[in-house]
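Observations on the model geometry
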Amino acid sequence: MRLVLLSHSATAAAGVAELAGQVAGAPERVTGVGGTEDGRLGTSIDLLEDAVEAALDGGCDVVLLPDLGSSVLTARALLAELDDEVAARVALVDAPFLEGAVGAAVALSTGADLQEVRAQAETARGLRKL
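Just so it is clear, the structure is predicted and the values come from calculations on it, not from any experiment. (Residues numbered from 1 in each chain as written. Predicted model: local features only at pLDDT ≥ 70, side-chain atom pairs only at ≥ 80, totals over all residues. Heavy atoms only, no water.)

The secondary structure content of the protein chain amounts to 6 helices and 4 strands. For the protein chain, the α and β elements follow one another from N to C terminus as β-α-β-α-β-α-α-β-α-α. Radius of gyration (C-alpha) of the protein chain: 13 Å, near the 14 Å computed for a compact globule of 130 residues. Taking the principal axes of its C-alpha atoms as reference, the protein chain extends roughly 35 × 30 × 25 Å. A separation threshold of at least 6 residues defines the contact pool for the protein chain, and within that pool the share at least 24 residues apart is 74%. The positive charge centre, built from 9 side chains, and the negative charge centre, built from 20, are 9 Å apart in the protein chain. (Helix = DSSP H or I, 4+ residues; strand = E, 2+ residues; numbered from the N terminus. Rg over C-alpha atoms; globule rule 2.2 N^0.38 Å. Contact = heavy atoms within 4.5 Å. Lys, Arg positive; Asp, Glu negative; His and termini not counted. Charge placed at Lys NZ, Arg CZ, Asp CG, Glu CD.)

Rendered as structure tokens:
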């Protein structure tokens, strides 16, 4: 299983991926995808597709967590391009970016399956800090 984090910022994606990878005890299982090919803020379906395909080609299912707005649209556009069998191996997560990534990483570290990792990440929506 791989966790792919899609952000408008390459720096944000890399930082959250670093934290989640350390929590999972397996940084190679967490990939940050952010920004555009030319280094601007935004999201790139091509960069996202490369990360998802690399995971799938390696035999891994993918938990895909976008940060906000158009990154969700980019993730949905990619899923729409996949055939049903492949799309079933990718779970789009509705969760806060950092907290959801950490929740997913914890679940990854336990060997949870695709739907369990997704569910754990999504529980972050209801967690209070105070």
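The tally for this structure, following the rule as stated, stands at 6 salt bridges. Taking the shortest distance from any N to any O, the salt bridge between glutamate 99 and lysine 129 comes out at 2.9 Å. Remark: lysine 129 occurs in the segment after helix H6 (114-122) and glutamate 99 occurs in helix H5 (residues 97-109); sequence separation between them is 30 residues. A salt bridge links glutamate 122 to arginine 118; its shortest N-O distance comes to 3.9 Å. Pair noted here: glutamate 122 and arginine 118 are both in helix H6, with a separation of 4 residues, about one helical turn. (Salt bridge = Lys/Arg side-chain N within 4 Å of Asp/Glu carboxyl O.)

A separate point is the UniProt feature "domain: PTS EIIA type-4" (unreviewed entry) in the protein chain. UniProt marks residues 1-130 with the feature "domain: PTS EIIA type-4" (unreviewed entry), using the numbering shown here. Between the first and last C-alpha atoms of residues 1-130 the distance is 32 Å; the span itself is 51% helix and 15% strand. (UniProt positions renumbered as here; feature names shortened; annotations may be inferred.)

The subject of this paragraph is the pairing of strand S3 (residues 62-66). Judged by how many residues are buried, S3 sits mostly within the fold: 5 of 5 residues are covered. Judged by which residues are buried, S3 turns out to be covered on both faces: Val62, Leu64 and Pro66 on one side and Val63 and Leu65 on the other are all buried. The pairing of S3 with strand S4 (residues 90-92) spans 3 bridges and is parallel. When the sheet's bridge partners are listed, valine 63 is paired in S4 with alanine 91. (Buried < 20%, exposed > 50% of the residue type's maximum accessible area, 1.4 Å probe, protein only. Pairing = 2+ DSSP bridges.)

So, about the nonpolar core. Counting residues in hydrophobic clusters, the biggest one holds 23 residues, and the most contacted among them are Leu3, Leu5, Val63, Leu65, Ala101 and Val117. Those elements giving two or more residues to this core turn out to be strand S1 (2-7), helix H1 (10-24), S3, H5 and H6. The greatest single-element share of this core, amounting to 6 residues, is contributed by H5. Setting aside residues no more than four positions away along its own chain, alanine 101 makes contact with Leu3, Leu5, Val16, Ala20, Leu65 and Pro96. By size, the runner-up hydrophobic cluster in this structure holds 16 residues, among which are Ala51, Leu56, Leu78 and Val90. (Core = buried A, V, L, I, M, F, W, Y, C linked by side-chain atoms within 4.5 Å.)

On to the environment of threonine 36. Counting through the fold element by element, threonine 36 comes out in the loop between strand S2 (30-34) and helix H2 (45-57). Given the relative accessible area of 13%, threonine 36 is considered buried. The spatial distance from the C-alpha of threonine 36 to the C-alpha of leucine 47 is 7.7 Å, given a sequence separation of 11 residues.

Our next topic: the sheet that holds S2. Within the open sheet, the 4 strands sit side by side as S2-S1-S3-S4. Their pairing is parallel. Two strands bound the open sheet, and with one partner strand each, they are S2 and S4. This sheet shows a mean twist of 20° between the axes of neighbouring strands, independent of strand direction. Strands S1 and S2 of the sheet are contacted by H1, whose axis makes an angle of about 170° with S2. (Axes fitted to C-alpha atoms, helices over the stretch in contact; angles between N-to-C directions.)

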